[in-house]
Amino acid sequence: MKQAIIYSCHLEERANEPDNERQIALCKEYAEQNGIEIVGSYMDRVATKKEPLLMKRFLLQECRKQHWNLFLIASITILGRNMKETMKFLTELSKYVDYKIIDQQDNELMCEISKLLEMMYKENRL
């Protein structure tokens, strides 16, 4: 059975986006449907976009230790709005664990966009 952790992040000034609790619930639902054991969660809650995402940084350090083999997030947008930085983070993360972006799993267009972003990042075109 795969073991996973969940990462959630909510910027308080973005009231129209799912809060941490909703993001975690979406990931847990996905895990349950796919036979994945959740072994922990990491959460950032910031008031402004200028604040550092401390748990995101810590999470990457923990993934290097390979306590689990899967990283779940509700949406790619919670990792930040800078696509180059987001792809850099996901590329580094994927050296240690697999990741699943829940809102992309049943969305063919989002999956294709994700593949395109990965390719562009690897080719230094982002």
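All values reported here derive from a predicted model rather than from experimental measurement.

A. Just the pattern of salt bridges, in detail. Considering all chains together, one arrives at five salt bridges under this definition. For Asp 98, the salt bridge goes to Lys 2, with nearest N and O atoms at 3.4 Å. One end of the pair, Asp 98, is in strand 4 (residues 98-101); the other, Lys 2, is in the segment before strand 1 (3-11), and 96 residues separate them in sequence. In this structure Asp 98 comes out as partly exposed when scored by relative accessible area, which is 43%. Close ionic contact of Glu 62 with Lys 65 constitutes a salt bridge, the shortest N to O distance being 3.2 Å. Owing to a relative accessible area of 11%, Glu 62 belongs among the buried residues under this scheme. Overall, Lys 65 belongs to the exposed group, its relative accessible area being 54%. Through salt bridges with shared partners, a single network forms among Arg 64, Glu 92 and Lys 95.

B. Examining the sheet that holds strand 4 more closely. A sheet is described by the order of its strands in space; here four strands give the open sequence 2-1-3-4, paired in parallel fashion. Each of the sheet's edge strands pairs with one partner strand only, and the pair in question is strand 2 (37-46) and strand 4. Neighbour-to-neighbour, the strand axes of this sheet turn through a mean angle of 20°, independent of strand direction. Judged from the four bridges that link them, strand 3 (residues 70-73) and strand 4 form a sheet pairing that is parallel. Looking at strand 4, one finds that Leu 70 is bridged to Asp 98.

C. Representation of the confidence of the model for the protein chain. Within the protein chain, residue pLDDT values average 86, and 99% of them lie at 70 or more. Model confidence for the protein chain, summarised as mean pLDDT per element, is weakest for helix 4 (residues 108-122) at 79 and strongest for helix 1 (residues 20-33) at 94.

D. Structural view of the packing of helix 3 (residues 83-93) against helix 4. Running from N to C, helix 3 and helix 4 cross one another at 90°; their axes reach a closest spacing of 10 Å. In this view, helix 3 runs roughly perpendicular relative to helix 4, as classed from their interaxial angle. Each of Met 83, Lys 84, Met 87, Lys 88 and Thr 91 in helix 3 lies in contact with helix 4, whose residues at this interface are Leu 117, Glu 118 and Tyr 121.

E. Summary view of the side chain of Ser 75. Within the element layout of this structure, Ser 75 appears in the loop between strand 3 and helix 3. At a separation of 3.0 Å, a polar atom in the side chain of Ser 75 contacts the side chain of Thr 77. A distance of 3.0 Å separates polar atoms of two side chains, one belonging to Ser 75 and the other to Asp 103.

Calculation criteria
Residues numbered from 1 in each chain as written. Predicted model: local features only at pLDDT ≥ 70, side-chain atom pairs only at ≥ 80, totals over all residues. Heavy atoms only, no water. Salt bridge = Lys/Arg side-chain N within 4 Å of Asp/Glu carboxyl O. Helix = DSSP H or I, 4+ residues; strand = E, 2+ residues; numbered from the N terminus. Buried < 20%, exposed > 50% of the residue type's maximum accessible area, 1.4 Å probe, protein only. Pairing = 2+ DSSP bridges. Axes fitted to C-alpha atoms, helices over the stretch in contact; angles between N-to-C directions. pLDDT = per-residue confidence, 0-100. Parallel < 35°, antiparallel > 145°, perpendicular 65-115°, else oblique. Contact = heavy atoms within 4.5 Å. Polar contact = N/O pair within 3.5 Å; in protein donor to acceptor, adjacent residues only side chain to side chain.

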